[in-house]
Amino acid sequence: MTTAHTATAPFVPLLIGGRLIESQTTHWTDIVNPATQQVLARVPMATVAEVDAAVQSAAEAFKTWRKTPIGQRSRIFLKYQQLIREHMKELAAMLTAEQGKTLADAEGDVFRGLEVVEHAAGIGNLQLGELANNVAGGVDTYTLLQPLGVCAGITPFNFPAMIPLWMFPMAIATGNTFVLKPSEQDPMVTMRLCELAMEAGVPPGVLNVVHGAEEVVNAICDHPTIKAISFVGSTRVGTHVYQRASLAGKRVQCMMGAKNHAVVLPDAHQEQTINALLGAAFGAAGQRCMAVSVAVLVGAARQWVPALVEKAKTLKVGAGDAAGTDVGPLISCAAKERVTRLIGRGIEEGARLALDGRQPTLASGCAEGNYVGPTILAGVKPGMSVYDEEIFGPVLCLAEAETLDDAIAMINANPNGNGTAVFTQSGAAARKFQEEIDVGQVGINVPIPVPVPLFSFSGSRASKLGDLGPYGKQVVLFYTQTKTVTARWFDDDTSGGVNTTISLK
Ligand code: NAD
């Protein structure tokens, strides 16, 4: 909802040139607690001039930041990780209030971002070039990994701590300056993280934040000074950002939507597998890009449906800050309406409603929240809307396969390639799955295989555009330009004469 700025709710500032400032826009959007509908604050839809001011501030700061010694950059991130740890409870509470997930899961959201900050502190070991000695007589060749300049990040609502932290720490640690555009639905915890980054010593102008939606994102895609954009969000918007920003000559990486399948073989450990599936399907109310949204039950595992349903019924739906809650609210009333509609469509198209979460049992005081409880649809097949679309809610679709080969064929035929998992006690089956599955991130008895930052996030196929992933080693290449130097130093006056060939002598 975009409204005139008339209410008394606090406003979320922009961060430009090291200063927190109020936007001059006339358009503001409410940030609403999804458990209570309370308006927490108002976020501006920044003007194009404000986007330009943020970019100019980043461009100015780049002149000195790019030459800042490695140790100095590292120490800022050492300090930053300490500050995030000290503020963990405050950050998690803020995140739960605006996003809805449980407090424990909100701490997990912050923690998975904190791991990237720790990684950024080791930048001296990551941003290393190569050297080949004597590639020709008296000639050495070496590479420099140099920062690009002003980079930008555009983030989704579902991980308002982790995903911004996937982006700006690594971009800044490699010597770039940054303009961040957080999700307009829950930018408050992101802002707090940026304030802490400034407190840790990130100099003015090195990190800037603008708020907004389509118009601001388009201004970022088009801005001639921005060299690279990292985007995380839906496939629809990510495809648009990739095309528009690539056309404007930028380096772009887009991590996008998903439909993650978990294959359950009959030899899997039943109780642990059911626990893992339910946690991965219903945690964060299914609003994770790596959520398990389809379980493919193979052979005799097809008989596990009643056990799955019984266990899912034990999950408690309620406010994220209430003790014992397993499944919090969806981000918005619109999201609840969409998920509810899709469940109805699934039933119309022939799926069997094994567990209906559309009217969940709630503790008193929860009537206002955007709640959908754990929902299980059985007999789901490709071609049904609930299979073909990303639901992004607490809905687990159950599909069936005769054999592991059939399950692999189903997953490889799905356009998405974000994550997948296999549950089995057979090493041979797991290895076959790992070899033959065409999905970028694979879990073996691990339901949400999001890699730690020693590696990179490596979604694939329709879940990703661009070749390098966020964080880890790949992102060092994304945020740097390799410069290759071929050098000779003359140590005598002997001249070989003019060489008109391509070869080095
Ligand atoms: P979204 O695409 O609606 O929004 C992402 C960003 O794009 C936000 O900052 C938003 O302001 C901006 N935006 C929205 N509409 C726009 C438009 N028309 N033009 C330009 N910019 C626009 O995504 P979301 O709903 O915030 O997040 C959920 C989606 O993100 C899901 O599809 C989920 O799978 C995906 N996601 C993917 C990953 C991954 O790593 N692959 C991680 C998290 C979330």
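Because the structure is predicted, anything quoted here is derived from the model rather than measured.

Scoring rules and cut-offs
Residues numbered from 1 in each chain as written. Predicted model: local features only at pLDDT ≥ 70, side-chain atom pairs only at ≥ 80, totals over all residues. Heavy atoms only, no water. Helix = DSSP H or I, 4+ residues; strand = E, 2+ residues; numbered from the N terminus. Rg over C-alpha atoms; globule rule 2.2 N^0.38 Å. Buried < 20%, exposed > 50% of the residue type's maximum accessible area, 1.4 Å probe, protein only. Areas by Shrake-Rupley, 256 points an atom, 1.4 Å probe, with all protein chains shown as cover. Lys, Arg positive; Asp, Glu negative; His and termini not counted. Charge placed at Lys NZ, Arg CZ, Asp CG, Glu CD. Pairing = 2+ DSSP bridges. Axes fitted to C-alpha atoms, helices over the stretch in contact; angles between N-to-C directions. Contact = heavy atoms within 4.5 Å. Near = heavy atom within 4 Å. Polar contact = N/O pair within 3.5 Å; in protein donor to acceptor, adjacent residues only side chain to side chain. 1 Å grid on protein atoms, 1.4 Å probe; cavity = no way out; pocket = protein on both sides within 12 Å on 5 of 7 lines; lining within 4 Å. Sits in = over half its atoms within 2 Å of the grid points.

Student: When you look at the overall build of the chain in this model, what are you seeing that I'm missing?
Tutor: The helix and strand tally for the chain stands at 16 helices and 23 strands. Relative to the globule expectation of 23 Å for 505 residues, the C-alpha radius of gyration of the chain, 25 Å, shows essentially globular dimensions. Principal-axis analysis of the C-alpha atoms gives the chain an extent of 85 × 60 × 40 Å. Counting the 505 residues in the chain, one finds 56% classified as buried. Accessible surface for the chain amounts to roughly 20800 Å². Of this, 54% is attributable to carbon and sulfur atoms. Computed over 40 positive and 46 negative side-chain charges, the separation of the two mean positions in the chain equals 2 Å.

Student: Explain the sheet that holds strand E13 (residues 260–264) to me, please; I cannot follow it from the model alone.
Tutor: The pairing of strands in a sheet happens through backbone hydrogen bonds and is either parallel or antiparallel. As summarised here, the arrangement of the 7 strands in space is E15-E16-E17-E14-E13-E19-E20, forming an open sheet in which the pairing is mixed. Bordering the open sheet on either side are strand E15 (352–355) and strand E20 (442–444), each of which pairs with just one other strand. Taken pair by pair, the neighbouring strands of this sheet meet at an average axis angle of 25 degrees, ignoring direction. Where strand E19 (residues 420–423) and E20 come together, 3 bridges link them in parallel fashion. When the sheet's bridge partners are listed, Thr420 is paired in E20 with Val442. Its contacts with the sheet place helix H10 (residues 270–282) against E13, strand E14 (292–298), strand E16 (375–378), strand E17 (395–401) and E19, and it is angled at close to 150 degrees to E14. Sheet strands touched by helix H14 (residues 404–413): E13, E14, E17 and E19. Its angle to E13, the strand with the most contacts, is close to 180 degrees.

Student: I'm lost on the pairing of strand E4 (residues 27–32) in this one. Help?
Tutor: A regular strand places its side chains on the two faces of the sheet in alternate fashion. Where E4 meets strand E5 (residues 39–44), 5 bridges bridge the pair, whose relative direction is antiparallel. From the neighbouring strand, Thr29 faces E5, where its bridge partner is Val43. Between E4 and the antiparallel strand that follows it, E5, lie 6 residues; Gln37 among them carries a positive phi value of about 70 degrees.

Student: Looking at this model, I keep getting lost on the site of the ligand. Mind explaining?
Tutor: Within the structure, the ligand sits among 29 residues, and Thr155, Lys181, Glu184, Ser234 and Glu390 are positioned closest to it. Taking Lys181, its side chain carries an N or O atom lying 2.7 Å from an oxygen atom of the ligand. Ser234 is positioned such that a nitrogen or oxygen atom in its side chain is 2.6 Å from an oxygen atom of the ligand. Here the ligand has 850 Å² of accessible area as a free molecule, and 90% of this is covered by the chains. Under a 2 Å grid-point criterion requiring more than half of the atoms, the pocket assigned to the ligand is the largest pocket.

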